[in-house]
Amino acid sequence: MISTSSIARTRVIASTSRTQIRSLASKPITANEKNLVPIRTNLRGSALLNTPRGAGFSREERQIFGLEGFLPYDVHSLEKQALRAYNQLLKQPSVILKHAFLASLRDQNQVLFYKIMQDHLKELLGVLYTPGAAEAVANYSNLFRRPVGCYISFPNQDSMRAQLEGHLSDVNRTADVAYDSNNPHDAIDLVVVTDAEAILGIGDQGVGGITISTSKAALYTLGAGINPNRILPVVLDCGTDNHGLFSDSLYMGWKRTRIRGKNYDKFVDRFIQNCRELFPNAIIHFEDFGMANAYRLMEKYKDIPMFNDDIQGTGAVALAALIAAIKVSGARLSDQRIVIYGAGSAGMGIADQIKDGLMILEGLSEEEASRRFWCVDRNGLLVESMGNNLRHAQLPYARPDEEITHWEKTEDNEGTWLMDVVKNVKPTVLIGTSTHSRAFSEELIREMGKHVERPIIFPMSNPTALCEVDPADALAWTENRALVATGSPFPPVQIGEGKSYTVAQTNNALIYPALGLGAILARSRTISNSMLMAGVNSLASLSPALSNPEASLLPDLADVRNVSVDVAAAVVRQAVEDGNAQDENTIKIVKGKGPLPLEEYIRSRMWDSVYRPLELVD
Ligand SMILES: NC(=O)c1ccc[n+]([C@@H]2O[C@H](COP(=O)([O-])OP(=O)(O)OC[C@H]3O[C@@H](n4cnc5c(N)ncnc54)[C@H](O)[C@@H]3O)[C@@H](O)[C@H]2O)c1
Ligand SMILES: O=C(O)C[C@H](O)C(=O)O
Ligand SMILES: [Mn+2]
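Residues numbered from 1 in each chain as written. Chains lettered and ligands numbered in written order. Predicted model: local features only at pLDDT ≥ 70, side-chain atom pairs only at ≥ 80, totals over all residues. Heavy atoms only, no water.

> Looking at this structure, how should I read the coordination of the manganese ion (ligand 3)?
Angles at a metal have ideal values that depend on geometry: 109.5 degrees with four tetrahedral donors, 90 or 180 degrees with six octahedral donors. Donor atoms from the polypeptide that bind the manganese ion (ligand 3) are Glu287 (OE), Asp288 (OD) and Asp310 (OD), placed at 2.0 to 2.1 Å. Along the chain, the residues donating to the manganese ion (ligand 3) are arranged with the sequence spacing E-D-x21-D. Taken together, the residues span a long stretch of sequence, with Asp288 in the loop between strand E5 (283–287) and helix H14 (291–300) and Asp310 in helix H15 (residues 309–329) at a distance of 22 residues. Judged on exposure class, the residue Asp288 and its partner Asp310 are both buried. (Donors = N, O, S within 2.8 Å, 3.2 Å for Na, K, Ca; no water. Helix = DSSP H or I, 4+ residues; strand = E, 2+ residues; numbered from the N terminus. Buried < 20%, exposed > 50% of the residue type's maximum accessible area, 1.4 Å probe, protein only.)

So this is what it looks like as structure tokens:
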């Protein structure tokens, strides 16, 4: 039985810790202190099971919060709970059921979910994130159990503000809001939003796109320690042009064709303006928008703290891998002839980022830098005579038609196809962002390998089934000379007696969590190109291939949290140097006037999967 005096005691603790909580906003805390800051709650009994820790509630908590009759007797440590949950997970027979299990676990016990993810990160990333997320998105309405995140639907837009406010107060109610926040409008650090028109390489997925937002959100927590309760994953349901979804009677989204044009723009703008007002400190991550909207919106909102992950995050991770690859091959960036297959958001984002690299790192003019690229899309090589058929983002890379008039062509003459481009350009770098499964044939790769000692081959399309070439094949067809990196995870490739090649996962997940964390900590006004480039250089400098040419071009995604400390530090420093940072505390630390070195401060701000003490309040 709980005595009134112990309740009184907890109330006393509550009032002291309120003062502590306030002071934390301006005073950095250590990682351990952070985990001891109590969660304050007025819930009791079964209602508290929504701040769940199951068998992890301590004896004392069970007494204080009236939980004894709701739980089996034994108290289990988080480690023991994690073992049980992991054993249950292993019993799930398919990736999609494993994904569903993880999603339910996240709903039931957030700390436990992050604990088992962190403990088995390498194995489970492929379930929660790419490629597992693709199946979960595509089967969303059939697998649905309960809603997660925020669904903003076009026909309900008149109450959009109230809907978002509802999420804000919901965050506050869970009582696991930031340990350093007293301002209700400071409850959200990050909005991850998709309109689901171009999910991974699987196209328009309507309302199921929420799962890409929730998966990307989870990676922010796992990869950069952003408090999961301070992230709002959103799907903007603008209808869908996926007819398979229309004919599915269980489809849960808005059943009509996609809204486009002015109505779409107004809808998105309403959303962004509401976010800016209700979550003024939040950065906004755009994910898996169709290419035309993705570029337009990126340009339109460039003066707020936002970025497009498919364009900028992907460009950044690809450039980091390329910088590492050319260090191994001993060449310069400006010596590269780069062929990009699939000139969409990711392909053009990569071209733009490498172009920035050529200009900033090697002093090329924009014109000179643009000439290093040959981009091939559905209609073949992008050439100037394609005129209005070229998308705005593709224009700088269109080749002069004269260039190809003397080319030897083996394929049909209607366009200029990848094989002829490879034969005539003799590329040193071949990047795949086409969604065209196994497009890089044996003949193509062998042709490339004839002209370059270390062919750099990045088949980056996701999920796994859409990858342009299996890394094992790319290595076999180049007598193991290729430097390979993929978007989805692949196992190491045997390249001889007792030797294996680790294929770097060149996925934006290696950089976007830290980019976001850096921007949040700096409270950056925008997310600038120079911040991206700082992140790229930092990530490239962590490449295992720099010290061992046979090692992976990029750090293992399973090490993302350590990687994120360095990358976020580089991003923060750049934001301060550019005068873009607004957080006084972070600025002081960067200038060496704070109580902690920047890297330590960043670690101290990362959310960990531990049970924080519970504290009863009225
Ligand atoms: N590794 C990563 O971090 C990462 C990041 C973003 C996107 N991607 C992947 O890149 C792929 C493309 O994504 P996106 O967002 O750029 O999509 P997108 O639709 O904007 O671009 C795809 C482009 O490929 C072209 N294309 C399709 N089929 C083709 C074919 N047979 N031949 C030539 N071109 C063809 C399309 O016309 C389009 O321009 C997806 O598979 C996605 O998963 C990977
Ligand atoms: O989601 C991923 O795995 C990376 C990327 O954003 C994609 O769209 O493929
Ligand atoms: Mn994406």
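> Where do I start with the sheet that holds strand E12 (residues 483–486) in this structure?
Consider a sheet: its strands pair through backbone hydrogen bonds, and that pairing is either parallel or antiparallel. Spatially, the seven strands line up as an open sheet ordered E9-E8-E7-E10-E11-E12-E15, and their pairing is mixed. Looking at the sheet topology across the chains shown, the edges are occupied by strand E9 (380–381) and strand E15 (504–505). Of the pairings in the sheet, the one linking strand E8 (residues 373–377) to E9 comprises two bridges and is antiparallel in character. Counted as the bridge partner of Val376 is Leu381 from E9. Across the sheet, helix H16 (residues 345–362) is in contact with strand E7 (338–341), E8 and strand E10 (429–432); its angle to E8 comes to roughly 175 degrees. Contacts from helix H20 (residues 442–451) reach E10 and strand E11 (456–459) within the one sheet, and its direction differs from that of E10 by about 155 degrees. (Pairing = 2+ DSSP bridges. Contact = heavy atoms within 4.5 Å. Axes fitted to C-alpha atoms, helices over the stretch in contact; angles between N-to-C directions.)

> What am I meant to see in the packing of aromatic side chains here?
Describing an aromatic ring pair means giving the distance of the ring centres and the angle of the ring planes. Here the structure, examined in full by the defined rule, presents 10 aromatic pairs. Seen from their ring centres, Tyr114 and Trp607 are 5.4 Å apart, and the 75 degrees between their planes marks the pair as edge-to-face. With a gap of 493 residues between them, Tyr114 in helix H6 (residues 110–119) and Trp607 in the loop between helix H26 (598–604) and strand E16 (614–616) connect regions that are remote in the sequence. Taking 6.5 Å as the distance between ring centres and 25 degrees as the angle between the ring planes, the aromatic pair formed by Phe286 and Tyr301 counts as stacked. One end of the pair, Phe286, is in strand E5; the other, Tyr301, is in the loop between H14 and strand E6 (306–308), and 15 residues separate them in sequence. Neither residue differs from the other here; Phe286 and Tyr301 are each classed as buried. Joined through ring pairs, the aromatic side chains of Phe113, Tyr114 and Trp607 make up one cluster. (Phe/Tyr/Trp six-rings, centres within 6.5 Å; stacked < 30°, edge-to-face > 60°.)

> Before we go on, may I ask you to explain helix H19 (residues 418–425) in this structure?
Most of H19 is tucked away, with six of its eight residues classed as buried. Tucked into the core, H19 has its buried residues touching E7, E8, E9, E10 and H20. Phi turns positive, to about 55 degrees, at Lys426, one or two residues after H19.

> Explanation requested: the environment of Val493 in the structure shown.
Mapped onto the elements of the fold, Val493 is located in strand E13 (residues 493–494). For Val493 and Asn480, which are 13 residues apart along the polypeptide, the C-alpha to C-alpha distance reads 9.6 Å. When near neighbours in sequence (up to four residues on either side) are disregarded, Val493 contacts Pro471, Ala472, Leu475, Lys499, Ser500, Tyr501 and Val503.

> Explain the nonpolar core to me, please; I cannot follow it from the model alone.
Within soluble globular proteins, side chains that are nonpolar generally end up buried alongside one another. Grouped together as the largest cluster of nonpolar side chains are 180 residues, with contacts concentrated most on Val191, Phe271 and Leu553. Residue contributions to this core peak at 13 residues, all from H15. (Core = buried A, V, L, I, M, F, W, Y, C linked by side-chain atoms within 4.5 Å.)

> Please explain the sheet that holds strand E4 (residues 231–237) as it appears in this structure.
With parallel pairing, the five strands of this open sheet are ordered in space as E2-E4-E3-E5-E6. Looking along the sheet, the strands with just one partner apiece sit at the ends: strand E2 (150–153) and E6. Recorded for the sheet is a direction-independent mean angle of 20 degrees between the axes of neighbouring strands. One ladder, built from five bridges, connects strand E3 (residues 190–194) with E5; its direction is parallel.

> Whenever I open this one, the site of ligand 2 confuses me. Can you help?
Taken together, the neighbourhood of ligand 2 is formed by Tyr129, Thr130, Leu200, Lys216, Glu287, Asp288, Asp309, Asp310, Asn462, Asn507 and Asn508. The contact in question runs from an oxygen atom of ligand 2 to an N or O atom on the side chain of Glu287, over 2.9 Å. One nitrogen or oxygen atom from the side chain of Asn508 is found 3.0 Å from an oxygen atom belonging to ligand 2. A total of 260 Å² of accessible area belongs to ligand 2 in isolation, and the protein chains cover 92% of it. In the shell around ligand 2, the residues fall into two nonpolar, four polar and five charged. (Near = heavy atom within 4 Å. Polar contact = N/O pair within 3.5 Å; in protein donor to acceptor, adjacent residues only side chain to side chain. Areas by Shrake-Rupley, 256 points an atom, 1.4 Å probe, with all protein chains shown as cover. Nonpolar A, V, L, I, M, F, W, Y, C, P; charged D, E, K, R; others polar.)

> Help me out: how do you make sense of the pattern of salt bridges in this one?
Pairing between side chains becomes possible if they bear opposite charge and their charged atoms approach one another. Enumeration over the complete set of coordinates arrives at 29 salt bridges. Close ionic contact of Asp204 with Arg258 constitutes a salt bridge, the shortest N to O distance being 2.8 Å. Here Asp204 is found in the loop between E3 and helix H11 (210–224), whereas its partner Arg258 is found in the loop between helix H12 (243–246) and helix H13 (261–278), with 54 residues between them in sequence. Neither residue differs from the other here; Asp204 and Arg258 are each classed as buried. Note that Asp608 and Arg561 form a salt bridge whose closest N and O atoms lie 3.2 Å from each other. Of the two residues, Asp608 sits in the loop between H26 and E16 while Arg561 sits in helix H24 (residues 560–577), which places them 47 residues apart along the sequence. Residue classification places Arg561 among the buried residues on the basis of a relative accessible area of 16%. (Salt bridge = Lys/Arg side-chain N within 4 Å of Asp/Glu carboxyl O.)

> For this particular structure, what's the right way to read the confidence of the model for the protein?
Mean pLDDT over the protein works out to 91, with 91% of the residues at or above the 70 mark. Scored below 50 in pLDDT, residues 1–27 shows 31 contacts in the model against residues more than four places distant or in partner chains. Under the prediction, the complex receives an ipTM of 0.99, its pTM being 0.94. (pLDDT = per-residue confidence, 0-100.)

> Help me out: how do you make sense of unusual backbone geometry in this one?
With the exception of glycine, most residues fall at negative phi, and the peptide bonds are largely trans. Between Thr130 and Pro131 the backbone carries a cis peptide bond, its omega angle lying at 5 degrees. Examined against the element boundaries, Pro131 turns out to sit in the loop between helix H7 (121–128) and helix H8 (132–138). Of the consecutive residues Asn462 and Pro463, the connecting peptide bond is found in the cis state with omega at -10 degrees. For Asn480, which is not glycine, the phi torsion reads 65 degrees and is therefore positive. In this fold, Asn480 is placed in the loop between helix H21 (471–476) and E12.

> Sorry if this is basic, but what is going on with the site of ligand 1 here?
Around ligand 1 lies a shell of 25 residues, among which Thr314, Tyr341, Ala346, Asp377 and Asn508 are the nearest. Contact distances for ligand 1 include 3.3 Å between a nitrogen atom and a backbone N or O atom of Ser434. Protein burial of ligand 1: of its 840 Å² of free accessible surface, 89% is covered by the chains. Of all the secondary structure elements, the ones that give two or more residues to the shell around ligand 1 are H15 and H16. For the shell around ligand 1, a count of residues per class yields six nonpolar, 15 polar and four charged.

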